[in-house]
Amino acid sequence: MRLPRRAALGLLPLLLLLPPAPKAAKKPTPCQRCRGLVDKFNQGLVDTAKKNFGGGNTAWEEKTLSKYESSEIRLLEILEGLCESSDFECNQMLEAQEEHLEAWWLQLKNEYPDLLEWFCVKTLKVCCSPGTYGPDCLACQGGSQRPCSGNGHCSGDGSRQGDGSCRCHVGYQGPLCTDCMDGYFSSLRNETHSVCTACDESCKTCSGPTNTDCGECEVGWVLDEGACVDVDECAAETPPCSAAQFCKNANGSYTCEDVDECSLAEKACVRKNENCYNTPGSYVCVCPDGFEETEDACVPPAEAEATEEESLKQLPTHEDL
């Protein structure tokens, strides 16, 4: 049924108030699903490690049913705990691959102790061994033993995806992550290892860890007698802050802060009993509530009345005139 135009327009504000639909969770890859199943299987091994039949006739159990350690009963207990009832994809994968897991458990685990390698890499072929990538599980840049020279992450590492290129860690660059970025220097480099260490904060480029090893100074520092030293912008001939602000120097920079005249050692408000209130770029002087304002002071009410009476007494009378 189609809503009348007026009714449809009335729904518009309600629709605008509704929260945006949540983004769909990224679907796990076949390799991630396989790894997850293997992780749960290995956890099941841990959870059942100390169990035994406990029937009292251990010799009979070992002879007839084999040791619990490698028994079918233990396998069934592990399989039953692999997937939550609501996890459709996990249960679907378990149902499809249960025979493979059973074959590995009963016949192959001694020959292939690494379940991930046998199950996900060799059998299902949805993952790769560490240090390899892509459909054919080729070696990552820098070799499968130390991809990206140990200073980065190989695209697709351990999966059937990616292109094997390196995404370098902070401080490193280059195809194999062996070169140092600006702000870092090479503290160790040989045929197998490259280590980049951060320069002093005053250096844009450097050959060592101190401010005397700079090749080029960072912005806010200047070369002085062979070292990069901080520029005091607040001491410049033309201060960077306005007249109503206080300039505070910092390493490589500065900040402009409002001056609080009321907190200065020399009082901004000089009349007796007067209150000082700071304002952006200025201040105001105000007498407290109930005080009378005079030229020289803020006078309490009683004192103001006495002063007025004294002034009246000093005025000439009619007789004096």
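All figures in this text were calculated on a predicted structure; none of them were measured in a lab.

1. So, the pairing of strand β14 (residues 253-258)
Sheet faces and side chains relate simply in a regular strand, where the side chains alternate between the two faces.
Turning to step 1, where the next piece is worked out: Inspection of the sheet shows strand β13 (residues 245-250) paired to β14 by six bridges, in the antiparallel sense. Of the residues in β14, the one forming a bridge with A250 is S253.
Turning to step 2, where the next piece is worked out: Here β13 hands over to β14 after two residues, with G252 in that stretch at a positive phi of 75 degrees.

2. Some words on the side chain of R271
Turning to step 1, where the next piece is worked out: Within the secondary structure, R271 is located in the loop between β14 and β15 (275-279).
Turning to step 2, where the next piece is worked out: Among the polar contacts listed, one links the side chain of R271 to the side chain of E274, at a separation of 2.7 Å.
Turning to step 3, where the next piece is worked out: Here the side chain of R271 touches E293 through a polar contact of 3.1 Å, side chain to side chain.
Turning to step 4, where the next piece is worked out: Excluding its chain neighbours within four sequence positions, the residues that come into contact with R271 are C287, E293, T294, E295, D296 and A297.

3. Quick notes on the confidence of the model for the chain
Turning to step 1, where the next piece is worked out: Residues at a pLDDT of 70 or more form 81% of the chain, whose mean pLDDT is 85.
Turning to step 2, where the next piece is worked out: Below a pLDDT of 50 lies the segment residues 1-9, which in the model reaches two contacts outside its immediate sequence neighbourhood of four places, other chains included.

4. Some details on the environment of L108
Turning to step 1, where the next piece is worked out: In this fold, L108 is placed in helix α5 (residues 88-108).
Turning to step 2, where the next piece is worked out: Residues contacting L108, with those up to four places away along its chain left out, are A103 and W118.

5. Regarding the state of the cysteines
Turning to step 1, where the next piece is worked out: Counting across every chain of the model gives 16 disulfides.
Turning to step 2, where the next piece is worked out: Each sulfur in the disulfide pair C128 and C137 lies 2.1 Å from the other. As the torsion about the S-S bond is roughly -85 degrees, the C128-C137 disulfide counts as left-handed.
Turning to step 3, where the next piece is worked out: Residue classification places C137 among the partly exposed positions, given a relative accessible area of 22%.
Turning to step 4, where the next piece is worked out: Between the sulfur of C269 and that of C285 lies a disulfide, 2.0 Å long from S to S. On the sign convention where negative means left-handed, the S-S torsion of about -85 degrees between C269 and C285 marks this disulfide as left-handed. Here the residue C269 occupies a position in the loop between β14 and β15, and C285 occupies one in strand β16 (residues 282-286), the gap between them amounting to 16 residues.
Turning to step 5, where the next piece is worked out: For C269, a relative accessible area of 8% translates into the label buried.

Rules behind the numbers
- By convention here, each chain's residues receive numbers from 1 onward along its written sequence.
- This being a predicted model, a pLDDT of at least 70 is required before a residue's local features are given, and a value of 80 or more before pairs of side-chain atoms are given or counted; all residues contribute to the totals for chains, interfaces and linings.
- Each side-chain value is derived from all of the structure's non-hydrogen atoms; neither hydrogens nor water enter the calculation.
- Strands pair, by our definition, only if DSSP identifies at least two bridges between them.
- Secondary structure elements are defined from DSSP: runs of H or I of at least 4 residues count as helices, runs of E of at least 2 residues count as strands, and each element is numbered from the N terminus.
- Polar contacts, as used here, are pairs of N or O atoms within 3.5 Å; protein pairs need one atom able to donate a hydrogen and one able to accept it. Residues neighboring in sequence count only if both atoms are side-chain atoms.
- The contact rule is simple, with two residues in contact once any of their heavy atoms fall within 4.5 Å.
- Think of pLDDT as the predictor's per-residue confidence, scored from 0 to 100.
- Pairs of cysteine sulfur atoms within 2.5 Å are what we label disulfides.
- Exposure classes here rest on a 1.4 Å probe applied to the protein chains alone. A residue is buried below 20% of its type maximum, exposed above 50%, and partly exposed in between.

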